[in-house]
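Coordinates in review
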Amino acid sequence: MTHVVTQSCCNDASCVHACPVNCIHPTPDEPDFATSEMLYIDPASCVDCGACITACPVGAIVPHGALDDARRPFLTINADFYRRPRPPAPILAPVSEPLRVRPRPEPPRVAIVGSGPAAMYAADELLTCPGARVDVYERLPFPYGLARTGVAPDHRSTRQIAEQFDTIARQDGFRLHTGVEVGRDVTHDDLLARHHAVLYAVGAASDRRLDVPGASLAATATEFVAWYNGHPDHADRAFDLAHRRAVIVGNGNVALDVARILTTDPDVLADTDIARPALEALRASRVEEVVVAGRRGPAQSAFTLSELVGLLSVPGVDVTVPAEDLESAANEDGGALPLLRTLAERGSGARRRIVLRYLLTPERILGDARATGVEFARNELALAEGTVRAVPTGERESVDAGLVLTSIGYRGRPVPGLPFDDATGTVPNRLGRVVDPASGDPVPGVYVAGWIKRGPTGFIGTNKTCARETVRALIEDYNNDRLPAPHLTR
Ligand SMILES: Cc1cc2nc3c(=O)[nH]c(=O)nc-3n(C[C@H](O)[C@H](O)[C@H](O)COP(=O)(O)OP(=O)(O)OC[C@H]3O[C@@H](n4cnc5c(N)ncnc54)[C@H](O)[C@@H]3O)c2cc1C
Ligand SMILES: NC(=O)c1ccc[n+]([C@@H]2O[C@H](COP(=O)([O-])OP(=O)(O)OC[C@H]3O[C@@H](n4cnc5c(N)ncnc54)[C@H](OP(=O)(O)O)[C@@H]3O)[C@@H](O)[C@H]2O)c1
Ligand code: SF4
Ligand code: SF4
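Here we summarise the structure given alongside this text. (Residues numbered from 1 in each chain as written. Chains lettered and ligands numbered in written order. Predicted model: local features only at pLDDT ≥ 70, side-chain atom pairs only at ≥ 80, totals over all residues. Heavy atoms only, no water.)

**Some points on the layout of surface pockets**
Our working definition: Grid points spaced at 1 Å over the protein atoms alone were grouped into cavities, where a 1.4 Å probe fits but cannot get out, and pockets, open sets with protein on both sides within 12 Å along at least five of seven lines, with lining residues defined by an atom within 4 Å of a point. Grid points are joined across faces, edges and corners, and a volume is the space filled by probe spheres set on the points. Put simply, DSSP marks the helices as runs of H or I at least four residues long and the strands as runs of E at least two long, and each gets a number from the N terminus on. Only Asp, Glu, Lys and Arg are considered charged, only Ala, Val, Leu, Ile, Met, Phe, Trp, Tyr, Cys and Pro nonpolar, and every remaining residue, Gly among them, polar.
Quantified by volume, the second largest pocket comes out at close to 660 Å³. Forming the walls of the second largest pocket are 28 residues, and the residues nearest its centre are E37, L305, G334, G335 and A336. Broken down by secondary-structure element, the contributors of at least two residues to the lining of the second largest pocket are α3 (73-83), α13 (305-312) and α14 (337-342). For the lining of the second largest pocket, the element with the highest residue contribution is α3, accounting for 5 residues. For the lining of the second largest pocket, the per-class residue count stands at 14 nonpolar, 8 polar and 6 charged.

Set out below in structure tokens:
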């Protein structure tokens, strides 16, 4: 018997520190941690003590014997990770050094802008300093960023992370100010006058835009996700669900979330905290088929294996891949490929289906006043500078659809008064210290964490390691008198 990490893992590594025999990897100090889709338990070393279950904030760890059918594939997924060569691990899990704060007359006082995962993990780390005070400013009427407005409503266990954030928020020294937009309701200079430092964890609120004719006829996954999650900026949106087919451009985990929400039985969604207007619209939906179109091949799918496994367990929905779309990966293996091959033209005749398509780049969104489909260029793959790229073959393919959604990634917005790298949509920084790109010098008292620091990739827990790195830099500056004491106390 062993314990198993299942799909709702958010990579925060709490389990790693709880495990007495160090059998959960990669650990945050291992090189593959930053890119790992999830963490895995080594069945050969697990002693079944159950300590990791209590440590996991999202209920992702299950004893082998308690796995239901939907999560049984994770037994193999966990074990397979240890079949690949790995460096030998030390017996005990890594212990992270506690923050050491040099006593100064005024304990650290930090303003954090945003209240998403990066902000909450940064606050938690800062509050380990004796006497520290953290003021968190959030523009929305409620906290926790994409953990609330991004994570899909049917990912119930992942949403439980909010309970861990509630625990962080209950600590002495923590103050949350919701409905306050920094830059509009309060300025950066106001915050710096009252705190030793300002840490921006504002996420990546915008999205990458498709630059093709007719692009304005497509909606974005950012808007669709915000709508079904009741984000106040998008509550009044309407989406055309009257046609039998929808197309999603891009095949990351957000695209799979959207495809799943579009095809899941609304009676199942009714049991979640999906926004009620979205639920009513989905009840009236005529969408029967969702095409998820990737521009490269199956081996380059941007979604994670765990999310694909989750998609396959949605009742009443077939997930298929046309056999010819798998041909470009005929000589490859690993990742999601073995599972994708089992989906070739698979179908049980369910009323709704999701079709994963490959090698299609949108050239034009068709339609006049509203989208009626997408014209795609068909691609082949070519290796250029170590990266597999999509190259058009000259062939075209049109797909009819009433709803076209682009899900091609999020993008940071410039923060007033801070330098901004337009190419990456991030604030230039070193280890979380904001730097002036012209001089390369740190901007005193200003830090970043989360998606605005490193770009829009990674799971909720990835922001824990990221926030820790920033807070360590901040406290090092505080200890070395690089952060003048705030001159206003209120
Ligand atoms: C659709 C979607 C679904 C996802 N699902 C999962 C999942 O199931 N599991 C998982 O592990 N990861 C998931 N992720 C990834 C995860 O949500 C991100 O890694 C994480 O939320 C990034 O954290 P952040 O704190 O950098 O940004 P955010 O979560 O975006 O938080 C930023 C916060 O800053 C606030 N803010 C912005 N500007 C200001 C301002 N000027 N003043 C005050 N407040 C401001 C925003 O309102 C927001 O609350 C998902 C991501 C998306 C987009
Ligand atoms: N359940 C979860 O754990 C969960 C859920 C949602 C999101 N997240 C995380 O949140 C992050 C963001 O996810 P995401 O889905 O928004 O982004 P993503 O993983 O970066 O996927 C973006 C997709 O858009 C495609 N794309 C980019 N530019 C394009 C263009 N111009 N034309 C056509 N296609 C284009 C990409 O193709 P190429 O690969 O060819 O560039 C890729 O398929 C990810 O790290 C994700 O894992 C996690
Ligand atoms: S059950 Fe115990 S030994 Fe097994 S992974 Fe969890 S903490 Fe480690
Ligand atoms: S969510 Fe965190 S504690 Fe749970 S399994 Fe994943 S890394 Fe471990």
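**Structural notes on the site of ligand 1**
Quick note on the threshold: Nearness here has a simple test: a residue counts as near a molecule or strand if at least one of its heavy atoms is within 4 Å of that partner. N or O atoms within 3.5 Å of each other form a polar contact, as long as, within protein, one can give a hydrogen and the other can take it, and as long as residues adjacent in sequence are counted only when both atoms are side-chain atoms. Per-residue accessibility takes into account occlusion by the displayed protein chains alone, with areas from the Shrake-Rupley method and a 1.4 Å probe. All domain edges in this entry derive from an automatic or database-based domain assignment.
In the vicinity of ligand 1 there are 33 residues, among which E138, L146, V182, W451 and I460 approach most closely. Take R139: an N or O atom from its main chain is 3.1 Å from a nitrogen atom of ligand 1. Within the backbone of F459, an N or O atom sits 3.5 Å from an oxygen atom of ligand 1. When the free accessible area of ligand 1 is taken as 1000 Å², the share hidden by the protein chains comes to 90%. Of the residues in the shell around ligand 1, the class split is 18 nonpolar, 11 polar and 4 charged. Here the shell around ligand 1 gathers at least three residues from each of two domains, domain 2 (109-205 + 412-479) and domain 3 (219-406).

**Description of the pattern of salt bridges**
Our working rule: Put simply, a salt bridge is a Lys or Arg side-chain nitrogen that is within 4 Å of an Asp or Glu carboxyl oxygen. Relative accessible area decides the class of each residue, using a 1.4 Å probe on protein chains only: under 20% of the type maximum gives buried, over 50% gives exposed, and in between gives partly exposed.
A full pass over the atoms with the stated rule returns 43 salt bridges. Of the charged contacts, one joins R72 and D69 as a salt bridge, the two residues approaching to 3.0 Å between their closest N and O atoms. The shortest N-O distance in the salt bridge between E223 and R237 comes to 3.0 Å. Of this pair, E223 sits in helix α9 (residues 221-228) while R237 sits in the loop between α9 and β11 (245-249), and the two are 14 residues apart along the sequence. Owing to a relative accessible area of 13%, E223 belongs among the buried residues under this scheme.

**Quick notes on unusual backbone geometry**
The omega torsion across H25 and P26 is -5°, close enough to zero to call that bond cis. Its identity as a non-glycine residue notwithstanding, N22 has a phi of 50°, on the positive side. As for its position among the elements, N22 is in the loop between α1 (14-18) and β2 (24-25). Relative accessible area serves as the criterion here: at 5%, N22 is assigned to the buried category. Positive phi, close to 60°, is recorded for D48, a residue that is not glycine. The class of D48 is partly exposed, set by a relative accessible area of 31%.

**Regarding helix α16 (residues 462-479)**
Operational definition: Expected span of a helix, by definition, is 1.5 Å for each gap between consecutive residues, and there is one gap fewer than residues. Only heavy atoms matter for contacts: two residues are in contact if any of them lie within 4.5 Å across the pair.
An ideal rise of 1.5 Å per residue puts 26 Å on 18 residues; α16 measures up with 26 Å between its terminal C-alpha atoms. Where α16 is concerned, the buried positions are T462, N463, C466, A467, T470, V471, A473, L474, I475, D477, Y478 and N479. Buried-residue contacts for α16 involve β5 (109-113), α4 (117-126), β8 (197-200), β21 (433-435), β22 (442-448) and α15 (451-454). After α16 finishes, the residue D481 shows a positive phi value of roughly 55°.

**Re the environment of G417**
Along the polypeptide, G417 turns up in the loop between β19 (410-411) and β20 (429-430). Assessed through its relative accessible area of 81%, G417 is described here as exposed. For the pair G417 and T187, spaced 230 residues apart in sequence, the C-alpha separation works out to 9.6 Å.

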